[in-house]
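Okay, here's what each chain looks like letter by letter:
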Amino acid sequence: MTLRVVSLPGDGVGPEVVETALSVLSDVCSAAGIGLSVEERPIGGRAIDTAGEPLPADTLAACRGADAVLLGAVGGPRWDHLRGEQRCEAGLLGLRRGLGVFANLRPVRVHPALAGRSSLRSEVVRGTDMIVVRELTGGAYFGEPRERSGSGPEEMARDSTVYTAREVERVARVAFRLAASRRRRLTSVDKANVLITSQLWRDVVTRVAAEFPEVSVEHQLVDSFAMRLVQRPADVDVVVTENLFGDILSDEAGVLAGSLGMLPSASLGDGGPGVYEPIHGSAPDIAGRGVANPYGAILSVAMLLRHALGRDDLAAAVEAAVDECISAGVLTGDLGGSAGTAAVGEAVRRATGRRLAAAGAAR
Ligand code: NAD
Ligand code: IPM
Ligand code: MN
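Predicted, not measured: the structure shown is a model, and the values here were computed from it.

### A short note on the site of ligand 2
So, point 1. Lining the immediate environment of ligand 2, one finds Glu89, Leu92, Leu93, Arg96, Arg106, Arg134, Tyr141 and Asp247.
So, point 2. A distance of 2.7 Å separates an oxygen atom of ligand 2 from a polar side-chain atom of Arg96.
So, point 3. In the model, an oxygen atom of ligand 2 is placed 2.6 Å from a nitrogen or oxygen of the Tyr141 side chain.
So, point 4. Starting from 320 Å² of accessible surface for ligand 2 in isolation, the protein chains cover 79%.
So, point 5. The greatest single-element share of the shell around ligand 2, amounting to 4 residues, is contributed by helix H4 (residues 88–99).
So, point 6. The class makeup of the residues in the shell around ligand 2 is 3 nonpolar, no polar and 5 charged.

### Looking at the packing of aromatic side chains
So, point 1. This structure, assessed with the given rule, holds 2 aromatic pairs.
So, point 2. Both rings, one in Tyr163 and one in Trp201, keep their centres 5.5 Å apart while their planes meet at 70°; by these two values the pair is edge-to-face. One end of the pair, Tyr163, is in the loop between strand S7 (156–158) and helix H6 (165–180); the other, Trp201, is in helix H7 (residues 196–209), and 38 residues separate them in sequence.
So, point 3. A ring pair is formed by Phe176 and Phe212, whose centres lie 5.1 Å apart and whose planes are at 10°; its orientation type is stacked.

### Some thoughts on the site of ligand 1
So, point 1. Taken together, 20 residues form the shell around ligand 1, and within it Val74, Glu89, Gly281, Ala283 and Asp285 come nearest.
So, point 2. With respect to ligand 1, the backbone of Gly76 contributes an N or O atom lying 3.4 Å from an oxygen atom.
So, point 3. Within the contact set of ligand 1, an oxygen atom lies 2.7 Å away from a backbone nitrogen or oxygen of Gly281.
So, point 4. Contact with the protein chains hides 69% of the accessible area of ligand 1, taken as 800 Å² for the molecule alone.
So, point 5. Of the residues in the shell around ligand 1, the class split is 9 nonpolar, 7 polar and 4 charged.

### Remarks on the nonpolar core
So, point 1. Formed by 90 residues in total, the largest nonpolar core has its most connected members in Leu105, Val133, Phe176, Tyr295, Leu305 and Val348.
So, point 2. Tallying contributions element by element places helix H10 (residues 295–307) first for this core, with 9 residues.
So, point 3. Other than its neighbours up to four places away in sequence, Leu305 contacts Leu25, Val28, Gly310, Arg311, Leu314, Ala315 and Val318.
So, point 4. Ranked by size, the runner-up nonpolar core spans 21 residues in total, among them Ile43, Cys63, Cys88 and Leu99.

### Concerning the side chain of Arg134
So, point 1. Counting through the fold element by element, Arg134 comes out in strand S5 (residues 129–135).
So, point 2. Here Tyr141 takes part through its side chain, which lies 3.2 Å from a polar atom of the side chain of Arg134.
So, point 3. Setting aside its immediate chain neighbours within four residues, Arg134 contacts Arg96, Phe102, Ala103, Asn104, Arg106, Tyr141, Thr241, Glu242, Asn243, Gly246 and Asp247.

### Focus on the side chain of Asp237
So, point 1. Mapped onto the secondary structure, Asp237 falls in the loop between helix H8 (222–231) and strand S10 (238–241).
So, point 2. Judged by its relative accessible area of 1%, Asp237 is buried.
So, point 3. From its side chain, Asp237 meets the backbone nitrogen of Arg183 in a polar contact 2.9 Å long.
So, point 4. When residues no more than four places from it in sequence are discounted, the contact partners of Asp237 are Asp129, Met130, Ile131, Ala179, Arg182, Arg183, Arg184 and Arg185.

### Side note on helix H1 (residues 14–32)
So, point 1. The end-to-end C-alpha distance of H1, which contains 19 residues, comes to 27 Å, matching closely the 27 Å that a straight helix rising 1.5 Å per residue would cover.
So, point 2. Along H1, the residues classified as buried are Gly14, Glu16, Val17, Val18, Thr20, Ala21, Leu22, Ser23, Val24, Leu25, Val28 and Cys29.
So, point 3. Close packing links the buried residues of H1 with strand S1 (2–10), strand S2 (35–40), strand S3 (68–73), H10, helix H11 (312–327) and helix H12 (341–362).
So, point 4. Positive backbone phi, at 70°, marks Gly33, one or two positions downstream of H1.

### Notes on the domain arrangement of the protein
When the parts of a complex come together, some accessible area is lost, and that lost area is often taken as the interface size.
So, point 1. Examined at the domain level, the protein breaks down into domain 1 (1–101 + 269–363) and domain 2 (110–259).
So, point 2. The C-alpha centroid of domain 2 is placed 24 Å from the C-alpha centroid of domain 1.
So, point 3. Listed by partner, the interface residues are 14 residues for domain 1 and 13 residues for domain 2.
So, point 4. Note on domain 1 versus domain 2: buried area summed over both sides is about 1300 Å², and carbon and sulfur give 61% of it.
So, point 5. Where domain 1 touches domain 2, the interface holds 0 salt bridges.
So, point 6. Partitioned by chemical class, the residues of the side of domain 1 that touches domain 2 number 6 nonpolar, 4 polar and 4 charged.

### Some thoughts on the pattern of salt bridges
So, point 1. Summed over the entire model, instances satisfying the criterion amount to 28 salt bridges.
So, point 2. Here Asp237 makes a salt bridge to Arg182, at a shortest N to O gap of 2.8 Å. Remark: Arg182 occurs in the loop between H6 and strand S8 (185–190) and Asp237 occurs in the loop between H8 and S10; sequence separation between them is 55 residues.
So, point 3. Taken together, the shared-partner salt bridges in this structure form one network comprising Asp27, Glu346 and Arg349.

### Thoughts on the pairing of S1
So, point 1. With 7 of 9 residues buried, S1 is to be regarded as a mostly interior element.
So, point 2. Inspection of the sheet shows S1 paired to S2 by 6 bridges, in the parallel sense. Each residue of the ladder has a partner; that of Val5, found in S2, is Val38.
So, point 3. One crossover worth recording links S1 to the parallel S2 by way of H1, and it is right-handed.
So, point 4. Here 5 bridges tie S1 to S3, and the two strands are oriented parallel to one another. From the neighbouring strand, Gly10 faces S3, where its bridge partner is Ala73.

Definitions and cut-offs
- Residues numbered from 1 in each chain as written.
- Chains lettered and ligands numbered in written order.
- Predicted model: local features only at pLDDT ≥ 70, side-chain atom pairs only at ≥ 80, totals over all residues.
- Heavy atoms only, no water.
- Near = heavy atom within 4 Å.
- Polar contact = N/O pair within 3.5 Å; in protein donor to acceptor, adjacent residues only side chain to side chain.
- Areas by Shrake-Rupley, 256 points an atom, 1.4 Å probe, with all protein chains shown as cover.
- Helix = DSSP H or I, 4+ residues; strand = E, 2+ residues; numbered from the N terminus.
- Nonpolar A, V, L, I, M, F, W, Y, C, P; charged D, E, K, R; others polar.
- Phe/Tyr/Trp six-rings, centres within 6.5 Å; stacked < 30°, edge-to-face > 60°.
- Core = buried A, V, L, I, M, F, W, Y, C linked by side-chain atoms within 4.5 Å.
- Buried < 20%, exposed > 50% of the residue type's maximum accessible area, 1.4 Å probe, protein only.
- Contact = heavy atoms within 4.5 Å.
- Expected span 1.5 Å × (residues − 1).
- Domains from an automatic or database assignment.
- Buried area = accessible area lost by both parts, 1.4 Å probe.
- Salt bridge = Lys/Arg side-chain N within 4 Å of Asp/Glu carboxyl O.
- Pairing = 2+ DSSP bridges.
- Right-handed = clockwise from strand over helix to strand, strands pointing away.

Here it is as structure tokens:
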């Protein structure tokens, strides 16, 4: 078989971390006897510069025809003057919506060797192993009406937070299924004391809970959950929340892992290709120097192997190799080390290769 991947390196550090992650994917596929075809397409600033828009139709069409999409990051100061649909970020939103990837899985694990790197005390973050399931194609990011009009002191703008029961139900099911396969605890995060979209959210999650009697579900308001995340993160198993809350809470969770550069993600829909990307942005402050942390992108490749190929064994080999390299002190600057992006990639490739060779020999 051949795995067809569309690569969207994007802007800033995106191309640096995607190149490194692809080199790991390529090694794993060779070792496992899986063919790999990679087609690169522009998105974000690069697409604006070359095609005049952040998500050219060709790019979306190529993604639709792929088995999986590997994305770096979009955006940067060069394009920050653009507004609305012309922005780099609108390209990313168009991709998510265009592929219907409504469930964004953002695992947050704290490697013991990095517990001391967090700005929180190590005893607080140690043992953290959670997954944030962020709704990705609804809420304030896409709701209508969405407008800006008028002028002077009366100039106004509005975004609309909109959810249907169907949208809440399908992402809740993803979260419950995940929780059922883990520690069987789900925390649904909302603002039901104020927002009626959150009241719908809570009602629907409560209804779906009846299908999963083995999972215990709790509801928590987003403000107090934001506090719990930095007070008792190890208590949290699976979190499900709406698009905007999930965006904010997952960056907060980056602090637990020692750096935003550590966190991977998978965005999944109903059977079509998923989007695999680190959660960090284009990091313009460090772009072009070969120093970006590629672990989040490499761990996104592990998620691709798990969800697009169904190869838990290969995903676990990459994750174990990453753990091994971190234990061995192969760390980029954001983690207090001095390894470059490519050197981290090399170390992970060697460690993954050893693991796959040992597994092959044992078979
Ligand atoms: P950012 O995530 O790019 O950077 C925040 C901080 O984290 C910076 O100090 C950066 O150096 C650091 N950082 C991020 N990734 C890192 C990595 N791999 N290794 C080491 N350090 C890393 O967020 P920002 O600065 O607020 O946004 C910059 C641009 O990226 C904006 O245009 C924003 O819209 C965009 N963005 C894109 C995505 C995406 O494409 N998925 C996600 C977030 C932000
Ligand atoms: C993310 C990013 C995006 C988001 C931006 C770049 C549109 O912050 O993937 O977390 O807000 O979803
Ligand atoms: Mn974000």
